[in-house]
Amino acid sequence: MSTYKLKAFFTLFVGILISSLLLMSCADDDSDGPDTDAVYEQDDQTARPAINTVFNVSDEDKNSFNVTAPVNQSTFATAFESRLLALNPGYTTN
């Protein structure tokens, strides 16, 4: 291949590469951040289904546990302890 043909091929290749990069680049239509007007509501404690199934007997308690933030779940401690002792009387709190 002659030097002229090699330069022409290289120029064509670079031109196609640059054109394809420009055509396939991302559009600048992203928002500036999260939707601050949206209202989000916690629906379920996905990582704790067994705790909810075993220790919360009524549907009302299960739903209440699901929407309670983990930092506030100490309110369920007494009910959980009594249910645990009912399921396993040999359990001790040490």
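Refer to the structure presented above.
This write-up is about the structure you can find in this document. (Residues numbered from 1 in each chain as written. Predicted model: local features only at pLDDT ≥ 70, side-chain atom pairs only at ≥ 80, totals over all residues. Heavy atoms only, no water.)

A word on the overall build of the protein chain. Scanning the protein chain for helices and strands turns up four helices and zero strands. The N-to-C order of helical and strand elements in the protein chain reads α-α-α-α. For the protein chain, with 94 residues in total, the buried portion stands at 10%. Considering only intrachain contacts with a sequence separation of at least 6, the fraction spanning at least 24 residues in the protein chain is 39%. For the protein chain, the accessible surface area stands at approximately 8,200 Å², while carbon and sulfur atoms represent 59% of it. (Helix = DSSP H or I, 4+ residues; strand = E, 2+ residues; numbered from the N terminus. Buried < 20%, exposed > 50% of the residue type's maximum accessible area, 1.4 Å probe, protein only. Contact = heavy atoms within 4.5 Å. Areas by Shrake-Rupley, 256 points an atom, 1.4 Å probe, with all protein chains shown as cover.)

Now for a nonpolar patch on the surface. A contiguous nonpolar patch, built from F9, F13, L17 and L21 and spanning about 430 Å² of accessible area, is present on the exposed surface. Among the structural elements, F13 can be located in helix α1 (residues 3–23). By relative accessible area, which is 48% here, F13 ends up partly exposed. (Patch = residues over 30% accessible without salt bridge, like charges linked within 9 Å, V, L, I, M, F, W, Y side chains within 5 Å. Salt bridge = Lys/Arg side-chain N within 4 Å of Asp/Glu carboxyl O.)

Counted according to the given criterion, the structure contains four aromatic pairs. Seen from their ring centres, F65 and F76 are 5.3 Å apart, and the 85° between their planes marks the pair as edge-to-face. You can see F65 sitting in helix α3 (residues 59–66) and its partner F76 sitting in the loop between α3 and α4 (77–87), a full 11 residues away along the chain. Judged by relative accessible area, F65 falls into the buried class, the value being 1%. Taking 6.0 Å as the distance between ring centres and 35° as the angle between the ring planes, the aromatic pair formed by F76 and F80 counts as tilted. An aromatic cluster of three or more residues is present, and its members are F55, F65, F76 and F80. (Phe/Tyr/Trp six-rings, centres within 6.5 Å; stacked < 30°, edge-to-face > 60°.)

This part covers the environment of F80. Mapped onto the secondary structure, F80 falls in helix α4. We classify F80 as buried; its relative accessible area is 17%. Separated by 25 residues in sequence, F80 and F55 place their C-alpha atoms 5.4 Å apart. In this structure F80 touches I51, F55, N56 and F65, once residues within four positions along its chain are discounted.

Here the focus is the side chain of Q73. Tracing the backbone shows Q73 in the loop between α3 and α4. Here the side chain of Q73 touches T68 through a polar contact of 3.2 Å, landing on its backbone oxygen. (Polar contact = N/O pair within 3.5 Å; in protein donor to acceptor, adjacent residues only side chain to side chain.)

Treat this as a map of the structure, not an account of what it does.
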